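# Breakdown of the fold
Take a look at the letters that make up each chain.
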Amino acid sequence: MSDQGFLPARPGETDDERRLREAINRNAAAILRSLDAAIALRTAPPEAQRMRHLARGDMTSALLKAMHAYALTQAWTES
């Protein structure tokens, strides 16, 4: 899995946003790699694979909310 799998680069993002996005992507990928290894994803039962897929979707949603929270903070401090 590439780091691009969670949060893609946003046109016009600042250096701080890029660094945060890259750190989030690295950590999220590490979490999924840990889960994949723990459940032996390739040979895991279908229900475990399904739950992993759902967990990835939930994680992506949480990561997007985290970046939105950062953007709101930046907008607030600039005003």
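In the block above lies the structure referred to throughout.
Below, the structure is looked at part by part. Every value quoted in this text rests on a predicted model; they were computed, and no experiment measured them.

### Looking at the nonpolar core
With nine residues, the main nonpolar core is built from F6, L7, I24, A28, A29, L32, M59, L63 and M67. The dominant element in this core, judged by the number of residues it contributes, is helix α1 (residues 15–39), at four residues.

### Looking at the packing of aromatic side chains
If you walk through the whole model with that rule in mind, you get zero aromatic pairs. Between R56 and the ring centre of F6, over which it is positioned, the NZ or CZ distance is 4.6 Å.

### Description of the pattern of salt bridges
Taken as a whole, this structure holds six salt bridges when the rule is applied. One salt bridge in this structure joins R10 and E17, with 2.8 Å as the shortest N-O distance. Looking at R10, the relative accessible area reads 45%, which means it is partly exposed. Taking relative accessible area as the criterion, E17 reaches 12% and is therefore assigned buried.

What counts as what
- Residues numbered from 1 in each chain as written.
- Predicted model: local features only at pLDDT ≥ 70, side-chain atom pairs only at ≥ 80, totals over all residues.
- Heavy atoms only, no water.
- Core = buried A, V, L, I, M, F, W, Y, C linked by side-chain atoms within 4.5 Å.
- Buried < 20%, exposed > 50% of the residue type's maximum accessible area, 1.4 Å probe, protein only.
- Helix = DSSP H or I, 4+ residues; strand = E, 2+ residues; numbered from the N terminus.
- Phe/Tyr/Trp six-rings, centres within 6.5 Å; stacked < 30°, edge-to-face > 60°.
- Lys NZ or Arg CZ within 6 Å of the ring centre and 35° of its normal.
- Salt bridge = Lys/Arg side-chain N within 4 Å of Asp/Glu carboxyl O.

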